[in-house]
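Spelled out, the chains give:
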Amino acid sequence: MATLLRSKLTNVATAVSNKSQAKVSGVFARMGFQAATDEEAVGFAHCDDLDYEHRQGLQMDVLRAEGEPRVDGDEGAAEPPVEGDIRYQRGDGAPLPPSGSKDQAVGAAGEFGGHDKPKITAWEAGWNVTNAIQGMFVLGLPYAILHGGYLGLFLIIFAAVVCCYTGKILIACLYEENEDGEVVRVRDSYVAIANACCAPRFPTLGGRVVNVAQIIELVMTCILYVVVSGNLMYNSFPGLPVSQKSWSIIATALLLPCAFLKNLKAVSRFSLLCTLAHFVINILVIAYCLSRARDWAWEKVKFYIDVKKFPISIGIIVFSYTSQIFLPSLEGNMQRPAEFHCMMNWTHVAACVLKGLFALVAYLTWADETKEVITDNLPGSIRAVVNLFLVAKALLSYPLPFFAAVEVLEKSLFQEGGRAFFPACYGGDGRLKPWGLTLRCALVVFTLLMAIYVPHFALLMGLTGSLTGAGLCFLLPSLFHLRLLWRKLLWHQVFFDVAIFVIGGICSVSGFVHSLEGLIEAYGTNAED
């Protein structure tokens, strides 16, 4: 009893001290004298609960030690944790989840603990990055060389270097040093990084901005798949009395089953086949170009640029490198996260070489006749075969960004812990409710309408790259890096971040304005026709 009484008195004194310190620190943090980190915010929000649970756990330990006789040889036996200190003592050494809903806490625990999740190797992670930056949007790069010449080739290299760097610094924002000086992962996503930068005054503002940018990019990617499908089919069978808009409608009709998707297990089986088919198509195009090497128009490659259309080329090139959105999740699922930097290096070097060669060789072959989608320049016999493969790849690739966009919309707008605007899309039995199906069908129809009224692949690609690609790949990573790690950055890192932010901002605004002007001009021309 004396031991129990002494323990209670000690716990009461400790609790009073901890509460006082937490309240004072919280007041100063809210007044802006100190930018509270996520861990400090958790301490302010959960101090009372954690302290109470910790004291209950200590009392139970004392009672158990006094009431149960010790058996020799049981020192190494593992005892199950009591309920009172399960949340306080995290056996995996991971940081506490950010304050918020229970769903967030569970997700954070799953991400940081994550022992049950299958991990991927550096090669598998590199394959995923390659799929993202070596997709069918490479077909628009020769059109960028048409308006940029040698400067366009330089931008392909420059964009690869910058996107590789910003991918690395984005991952660096996931980590912080704990009290012992160890670097630990305290965030799990792009949204979490954005929220941390805006905390404590606007703890959810950054995440909303990233979500909006992510939705725009994903939806625009879906629109581009429909546009390129209609374009390829129209140019493959010009003799048929079917317009490009009609081909887009047919393609969308085939995509309507995407509205019923609950997971991507069925679609993921075709991802490897689609990627291999795309590499085969690239090889066929390059092989045809090499067969016409004697006629290459080297004199057509310019050192000057088309001031009006070159900013569009910047957006096209940037959009072909976008992969930052899923990098935090990818790095978190790697067996050896230390290999992430090496993986980023070789994937972007390979992408830079392959994209540069493909764009240059294709432009040298057709010079000023280069079209928005380079396969439209192929002879009729080869074009039909290649385009059919590309259409199949586009239709099979559509569900991936579509499903991701639907998930973001459902989590943002529909029931999630009582904070959303609408009720949940799924019932208790896991079935999709009518309004959830309506949302998905409306999204498919929206991509069709955009593809019908703005059927310009290169201009849409340039607009998306300038609007969201530059923001997610250039602007936000450099800004977040400066905001979260300012005290630890060397002068050259600060210089790189500021330079990338300034250059990226100029390119983004310029590319967006000129792409929008090009779309307005093209839309006016179509209306006159």
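Residues numbered from 1 in each chain as written. Predicted model: local features only at pLDDT ≥ 70, side-chain atom pairs only at ≥ 80, totals over all residues. Heavy atoms only, no water.

1. A look at the overall build of the chain
When its secondary structure is counted, the chain shows 18 helices and two strands. Burial analysis of the chain (529 residues in total) assigns 47% to the buried set. If you take every contact in the chain between residues at least 6 apart in sequence, the share linking residues at least 24 apart comes to 77%. For the chain, the accessible surface area stands at approximately 27300 Å², while carbon and sulfur atoms represent 65% of it. (Helix = DSSP H or I, 4+ residues; strand = E, 2+ residues; numbered from the N terminus. Buried < 20%, exposed > 50% of the residue type's maximum accessible area, 1.4 Å probe, protein only. Contact = heavy atoms within 4.5 Å. Areas by Shrake-Rupley, 256 points an atom, 1.4 Å probe, with all protein chains shown as cover.)

2. Regarding helix α14 (residues 380-397)
Taking 1.5 Å as the rise per residue, α14 with 18 residues should run 26 Å; its terminal C-alpha atoms sit 25 Å apart, in good agreement. Of the residues making up α14, those classed as buried are Arg383, Ala384, Val386, Asn387, Leu390, Val391, Lys393, Ala394, Leu395 and Ser397. (Expected span 1.5 Å × (residues − 1).)

3. Quick word on empty space enclosed by the protein
Over the atoms rolls a probe the size of a water molecule, and in doing so it shows where empty space is left. Per the stated rule, a full pass over the model turns up three cavities of 30 Å³ or more. Size it by volume and the largest cavity reaches roughly 80 Å³. Elements with a minimum of two residues in the lining of the largest cavity: α5 (141-172), α11 (310-319) and α18 (491-528). (1 Å grid on protein atoms, 1.4 Å probe; cavity = no way out; pocket = protein on both sides within 12 Å on 5 of 7 lines; lining within 4 Å. Points joined across faces, edges and corners; volume = space filled by probe spheres on them.)

4. Some details on the pattern of salt bridges
Following the criterion strictly, the structure yields four salt bridges and no others. Across the salt bridge formed by aspartate 368 and lysine 300, the nearest N and O atoms sit 3.4 Å from each other. Here lysine 300 lies in the loop between α10 (271-291) and α11 and aspartate 368 lies in the loop between α13 (340-366) and α14, a separation of 68 residues in the sequence. For aspartate 368, a relative accessible area of 47% puts it in the partly exposed group. Judged by its relative accessible area of 33%, lysine 300 falls in the partly exposed class. Between arginine 336 and glutamate 339 there is a salt bridge whose closest N-O contact spans 3.5 Å. (Salt bridge = Lys/Arg side-chain N within 4 Å of Asp/Glu carboxyl O.)

5. Quick word on the nonpolar core
By size, the foremost hydrophobic cluster in this structure holds 115 residues, and its most contacted members are Tyr321 and Tyr398. With sequence-adjacent residues up to four places away left out, tyrosine 398 is seen in contact with Cys222, Tyr225, Val226, Leu255, Cys258, Val444 and Thr447. (Core = buried A, V, L, I, M, F, W, Y, C linked by side-chain atoms within 4.5 Å.)

6. Brief notes about the environment of phenylalanine 389
For phenylalanine 389, the location among the structural elements is in helix α14. Spatially, the C-alpha atom of phenylalanine 389 lies 9.7 Å from that of valine 280, the residues being 109 residues apart in sequence.

7. Re the packing of aromatic side chains
This model, assessed by the stated rule, comprises nine aromatic pairs. Aromatic side chains phenylalanine 154 and phenylalanine 158 sit 6.0 Å apart centroid to centroid with 20° between the ring planes, which places their arrangement in the stacked category. A residue pair is termed a helical-turn pair when its members lie 3 or 4 positions apart in one helix, as phenylalanine 154 and phenylalanine 158 do in helix α5 at four residues. The class of phenylalanine 154 is partly exposed, set by a relative accessible area of 47%. Members of the aromatic cluster, each reached through a chain of ring pairs, are Tyr165, Phe495 and Phe496. In this structure, lysine 355 is placed above the aromatic ring of tyrosine 321, and the distance from its NZ or CZ to the ring centre is 3.5 Å. (Phe/Tyr/Trp six-rings, centres within 6.5 Å; stacked < 30°, edge-to-face > 60°. Lys NZ or Arg CZ within 6 Å of the ring centre and 35° of its normal.)

8. Thoughts on a nonpolar patch on the surface
There is a patch of nonpolar side chains on the surface, built from Leu479, Val498, Phe501, Val502 and Ile506 and spanning about 420 Å² of accessible area. Broken down by element, the residue count for the nonpolar patch peaks at four residues, all from α18. Considering the arrangement of structural elements, one finds valine 502 in helix α18. Taking relative accessible area as the criterion, valine 502 reaches 43% and is therefore assigned partly exposed. (Patch = residues over 30% accessible without salt bridge, like charges linked within 9 Å, V, L, I, M, F, W, Y side chains within 5 Å.)

9. Overview of unusual backbone geometry
Following alanine 199, the chain continues into proline 200 via a peptide bond in cis, with omega recorded as 0°. With respect to the element layout, proline 200 can be found in the loop between α6 (190-198) and α7 (205-236). Residue alanine 367 is not a glycine yet carries a positive backbone phi of 50°. Following the sequence through the fold, alanine 367 ends up in the loop between α13 and α14.

10. Some words on the confidence of the model for the chain
Detailed reading of the predicted model is not advised wherever pLDDT is low. Summarising the model, the chain shows a mean pLDDT of 75, and 71% of its residues fall at 70 or more. Across residues 22-115, where pLDDT falls below 50, the model places 92 contacts with residues more than four positions away in sequence or in other chains. (pLDDT = per-residue confidence, 0-100.)

11. So, the packing of helix α15 (residues 399-413) against helix α16 (residues 434-453)
Helix-helix packing: each pair is described by the crossing angle between the helix axes and the interaxial distance. Contact geometry of α15 with α16 gives a least axis separation of 11 Å together with a crossing angle of 130°. Taken together, the axes of α15 and α16 are oblique relative to one another. Like other packed secondary-structure pairs, α15 and α16 cross with a definite hand, here right-handed. Here Phe402, Ala405, Val406, Leu409 and Glu410 of α15 lie close against α16, whose contacting residues are Leu439, Arg440, Leu443 and Val444. (Axes fitted to C-alpha atoms, helices over the stretch in contact; angles between N-to-C directions. Parallel < 35°, antiparallel > 145°, perpendicular 65-115°, else oblique. Left-handed = near helix turned anticlockwise from the far one by under 90°.)

12. So, the packing of α11 against helix α17 (residues 457-484)
Contact geometry for α11 and α17: axes closest at 7 Å, N-to-C directions at 60°. Classified by chirality, the crossing of α17 by α11 is left-handed. When α11 is examined against α17, the residues Pro311, Ile312, Gly315, Ile316, Val318 and Phe319 are found in contact with a partner set consisting of Ala458, Leu459, Met461, Gly462, Thr464, Gly465, Ser466, Gly469, Ala470 and Phe474. Residues belonging to the contact of α11 with α17 are distributed by class as follows: 10 nonpolar, six polar and no charged. (Nonpolar A, V, L, I, M, F, W, Y, C, P; charged D, E, K, R; others polar.)

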